[in-house]
Amino acid sequence: MDTVVLRHAGAEVEVYLFGGTLCSWKTADGQERIFVSPAAVFDGKKAIRGGVPLVFPQFGQPDKSMPQHGFARSSLWSLKALTDNADHSVLVLGLEDSEATRALFPFPFQLEFTVVLSAVSLRMSLTSRNTGDSPFNFQSLLHTYFAVPSIGDVAVRGLAGRKFIDKVDGGAEKKESAAQLLVPSFTDRVYSDPAGVATESKDVVVANKDGGAMYAVSNGATVGGAPRAVDVVVWNPYAEASPGDLPPPAFESFVCVEPGLVATAHELAPGAEATVSQMIMPF
Ligand code: TA6
């Protein structure tokens, strides 16, 4: 399966054209920062388990006629641009509607996945553009699998006070009271802002619960060019919810922190675009 490798100042990312899935980010010290399951299937049919799967036009499976998390992560993307300058190197992949996608989602669209690699950071953004003349509803998300030494030692800081949907507790709506979210067991939460209140980004730190920070993560979203409250999903299945291509103990080695427009479906007007972005700085 074809990949594109981007290098800058000793750092390197590798992105599969299949799914547009970024499957490796090595910082200049050689450390791999992105998790991919040892049992990931690379058959060009099934979405790659791990990396940064691109979720569009649905999150989960509200439309049962469409695959879980939509079709973007199991479609063949094309290379649109590769550019370099002193500060960073940029890769742009594209996906647009086809007969296959229109059979599932009857609207013209263009997606762009942009990767900006610098010596000290990785910035990703998924832009969805409505290229038709009718509005459509969509969800989109960057499903980032962060490599960690041990999920039991992970804390996610910065979500205190946020509302979240607890998918492990029947979708109950709760409010985060902890200064740092620990992930000691199966966790599947969608953090969102009170409707119509916040437009700011949701910046978090993925850390060791006993202290040291691992990743500073800035998450943002826009719809129609205006900032929109980004949602952040935190997931780890532990053994009990691990899918077949993620056999235990693989769950030990990652935490998913996923920026998206997913708490509700969003309408995109003809000609408008929406972007979900994530900027990661490892410590
Ligand atoms: O982002 C969390 C989540 O929606 C979980 O509910 C779980 O389904 C996970 O995505 C993985 O989904 P997948 O379709 O990749 O197995």
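See the structure printed just above.
Here is what the cut-offs are and how they apply
- Note that residues are indexed from 1 along each chain, following the sequence as it is written.
- Totals for whole chains, interfaces and linings use all residues, but because this is a predicted model, local features are given only for residues with pLDDT of at least 70 and pairs of side-chain atoms are given and counted only at 80 or more.
- Side-chain metrics in this entry use all non-hydrogen atoms of the structure; hydrogen atoms and water are not considered.
- Segments assigned H or I by DSSP are reported as helices when at least four residues long, segments assigned E as strands when at least two residues long, and all are numbered from the N terminus.
- Every radius of gyration here is taken over C-alpha atoms, with the globule rule written as 2.2 Å times N^0.38, N being the number of residues.
- Partly exposed residues are those whose accessible area sits between 20% and 50% of the maximum for their type, while under 20% is buried and over 50% is exposed, using a 1.4 Å probe and protein chains only.
- Contacts were defined at the residue level, with two residues in contact if any of their heavy atoms lie within 4.5 Å.
- Note on areas: Shrake-Rupley, 1.4 Å probe, and residue coverage restricted to the protein chains presented here.
- Stacked, edge-to-face and tilted labels apply to pairs of Phe, Tyr and Trp rings (six-membered ring for Trp) whose centres lie within 6.5 Å, assigned for plane angles under 30 degrees, over 60, and everything in between, in that order.
- In this analysis, strands are considered paired if DSSP registers two or more bridges between them.
- Fitted lines through C-alpha atoms serve as axes, helices being fitted only where they are in contact, and the angles separating the N-to-C directions of these axes extend from 0 to 180 degrees.
- Proximity is defined per residue: if any heavy atom of the residue lies within 4 Å of a molecule or strand, that residue is considered near it.
- In the analysis that follows, any N or O atom pair within 3.5 Å is treated as a polar contact, provided that within protein one partner can donate a hydrogen and the other can accept it, and provided that, for residues neighboring in sequence, both atoms belong to side chains.
- Residues are grouped as follows: Ala, Val, Leu, Ile, Met, Phe, Trp, Tyr, Cys and Pro are nonpolar; Asp, Glu, Lys and Arg are charged; all remaining types, including Gly, are polar.

Draft legend 1. Fine view of the overall build of the protein. Across its full length, the protein holds 1 helix and 21 strands. For a compact globule of 283 residues, the expected C-alpha radius of gyration is about 19 Å, and the protein comes in at 18 Å, within 12% of that figure. Here the C-alpha coordinates of the protein stretch approximately 50 × 45 × 35 Å along the principal axes. Looking at the 283 residues of the protein, the share that counts as buried comes to 52%. For the protein, the share of sequence-separated contacts (at least 6 apart) that also reach a separation of at least 24 residues comes to 64%. Counting only carbon and sulfur atoms, one obtains 52% of the accessible surface of the protein, whose full area is about 11,400 Å².

Draft legend 2. Broad picture of the packing of aromatic side chains. Under the defined criterion, the tally for this structure stands at 21 aromatic pairs. Residues Phe 56 and Phe 109 carry aromatic rings whose centres are separated by 5.3 Å and whose planes lie at 55° to one another, so their mutual orientation is tilted. Here Phe 56, found in the loop between β4 (54–55) and β5 (78–84), pairs with Phe 109, found in strand β7 (residues 109–118); they are 53 residues apart in sequence, far enough to count as distant. Judged by centre distance (5.1 Å) and plane angle (70°), the rings of Phe 105 and Phe 136 are edge-to-face.

Draft legend 3. Local environment of the sheet that holds strand β1 (residues 3–8). Spatial strand order, β1-β2-β3: 3 strands in an open sheet with antiparallel pairing. The sheet is open, and its two borders are formed by β1 and β3 (22–26), each paired with just one other strand. Geometrically, the sheet is characterised by an average inter-axis angle of 10° between neighbouring strands, direction not taken into account. One ladder, built from 6 bridges, connects β1 with strand β2 (residues 11–16); its direction is antiparallel.

Draft legend 4. Highlighting the site of the ligand. Taken together, Arg 49, Phe 59, Gln 68, His 69, Arg 73, His 143, Lys 167, Asp 188, Val 233, Trp 235 and Glu 258 form the complete shell of residues around the ligand. In this structure, Gln 68 approaches the ligand through a side-chain N or O atom, which is 3.0 Å from an oxygen atom. Here an oxygen atom of the ligand sits 3.4 Å away from a polar atom, N or O, in the side chain of Lys 167. A breakdown of the residues in the shell around the ligand according to their chemical character gives 3 nonpolar, 3 polar and 5 charged.

Draft legend 5. Main features of the environment of Leu 82. Locating Leu 82 in the fold gives a position in strand β5. Setting aside its immediate chain neighbours within four residues, Leu 82 contacts Val 4, Leu 6, Val 90 and Leu 91.

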